[in-house]
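Here are the chains, one letter per residue:
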Amino acid sequence: MKKLLIIFISTFLAFACFAEQPSDTTKTKRELCKYFIGANIGTGSSIGKYRISWDLNFDFDIALPVSKKSALGVYASYRSWTTFVPGIFWTREKYSEGHANLWGIGFIMNLAHSHDYGNFSVNYNLGWGLEFKGGHSFPCGLYFLASIGFTSWEADSNTPYFHYDTNREIMNVYNTKIYNSSLNIHAGIGYRFNNNKKK
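Given the structure is predicted, the values throughout are model-derived calculations rather than measurements. (Residues numbered from 1 in each chain as written. Predicted model: local features only at pLDDT ≥ 70, side-chain atom pairs only at ≥ 80, totals over all residues. Heavy atoms only, no water.)

**Re the side chain of N101**
By the secondary structure assignment, N101 is in strand β5 (residues 100-110). Ignoring any residue separated from it by four or fewer positions in sequence, one finds N101 in contact with W90, T91, R92, K94, G135 and H136. (Helix = DSSP H or I, 4+ residues; strand = E, 2+ residues; numbered from the N terminus. Contact = heavy atoms within 4.5 Å.)

**Here's the deal with the pairing of strand β7 (residues 121-124)**
The two faces of β7 differ: V122 and Y124 on one face are buried, but S121 and N123 on the other face are not. For strand β6 (residues 113-116) and β7, the ladder comprises four bridges, and the chain directions are antiparallel. Considered in β7, the bridge of D116 is made with S121. (Buried < 20%, exposed > 50% of the residue type's maximum accessible area, 1.4 Å probe, protein only. Pairing = 2+ DSSP bridges.)

**Quick look at the environment of F58**
Position of F58 relative to the elements: it lies in strand β2 (residues 52-65). Its relative accessible area of 42% is what places F58 among the partly exposed residues. Taking the C-alpha atoms as reference points, F58 and Y78, separated by 20 residues in sequence, lie 5.4 Å from one another. Setting aside its immediate chain neighbours within four residues, F58 contacts N40, I41, A76, S77 and Y78.

**Concerning the nonpolar core**
C33, F36, A63, A71, Y75, V85, F89, L102, I108, Y143 and L145 together form the largest nonpolar core, which totals 11 residues. Counting residues per element, the ones that place at least two in this core are β3 (70-79), β4 (83-93), β5 and β9 (142-164). Residues W81, Y124, A155 and I178 belong to the second largest nonpolar core, which totals six residues. (Core = buried A, V, L, I, M, F, W, Y, C linked by side-chain atoms within 4.5 Å.)

**As for the confidence of the model for the protein chain**
Mean pLDDT over the protein chain works out to 78, with 69% of the residues at or above the 70 mark. Averaged over each element, pLDDT in the protein chain is lowest for helix α1 (residues 2-31) (46) and highest for β3 (94). Here residues 12-30 scores under 50 on pLDDT; set against residues more than four positions off or in separate chains, the count is zero contacts. (pLDDT = per-residue confidence, 0-100.)

**Details of the pattern of salt bridges**
Under the definition given, this model contains two salt bridges. D59 is paired through a salt bridge with K133; the nearest N and O atoms lie 2.9 Å apart. Taken as a pair, D59 in strand β2 and K133 in strand β8 (residues 127-137) lie far apart in primary sequence, 74 residues in all. Across the pair, K133 and D59 agree in class, each one buried. For E131, the salt bridge identified is with R79, shortest N-O distance 2.4 Å. Here E131 is found in strand β8, whereas its partner R79 is found in strand β3, with 52 residues between them in sequence. (Salt bridge = Lys/Arg side-chain N within 4 Å of Asp/Glu carboxyl O.)

**Quick look at the packing of aromatic side chains**
Enumeration over the complete set of coordinates arrives at four aromatic pairs. The interplanar angle of 75° and the centroid separation of 5.2 Å between the aromatic rings of F36 and Y143 together place this pair among those described as edge-to-face. Residue F36 is located in strand β1 (residues 36-48), and its partner Y143 is located in strand β9; the two are separated by 107 residues in the primary sequence. Side by side, F36 and Y143 carry an identical accessibility label, which is buried. Feature note: the residues F36, F89 and Y143 constitute an aromatic cluster, connected by ring pairs. Stacked on the ring of Y75, the Lys or Arg K133 has its end atom at 3.9 Å from the ring centre. (Phe/Tyr/Trp six-rings, centres within 6.5 Å; stacked < 30°, edge-to-face > 60°. Lys NZ or Arg CZ within 6 Å of the ring centre and 35° of its normal.)

**Regarding the pairing of β8**
Within β8, eight of the 11 residues are buried, leaving the element largely enclosed by the surrounding structure. Note: β5 against β8, 11 bridges, orientation antiparallel. If you follow F107 over to β8, its bridge partner there is L130.

Here you go:
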């Protein structure tokens, strides 16, 4: 009888230990913050001595959970003024209800292109800079982001001029190098496809 009691108690304790283990694993998984997948659209401006433009920007943001409160990933932004911005994106849960703070840092690339301004044309060479962004995600899925960045670039300004000899008209071009930096300010609103509201 004593042996049976010992065997019963041992079996019960062993079963209890193994039964709790899946529960702990499940709890740990549930404590991780959710992944983030979202897209947003917005507008902004690039302001410099030789460049003032209004941009329409499209962003895609994705982050995977790395802890109970944070997710880390990447974002990509395309702007109508031939600008592409890849960067690092991370989130930090703020409240248990599903709010999250959003942060990012990106590398601004102004792609090479040309623009005709009527009496002169400008060939813009590849420019670069840094961008910092921040925002907030709400439990309903909506989120906003605002960014500020600085870029440096080089361009060739081509201004035609004419002179005449006795037989014909001859056109030449003044070629002037332009070096400039610009301030970039953008903001957008988007939707997080996986709602962060906790069940």
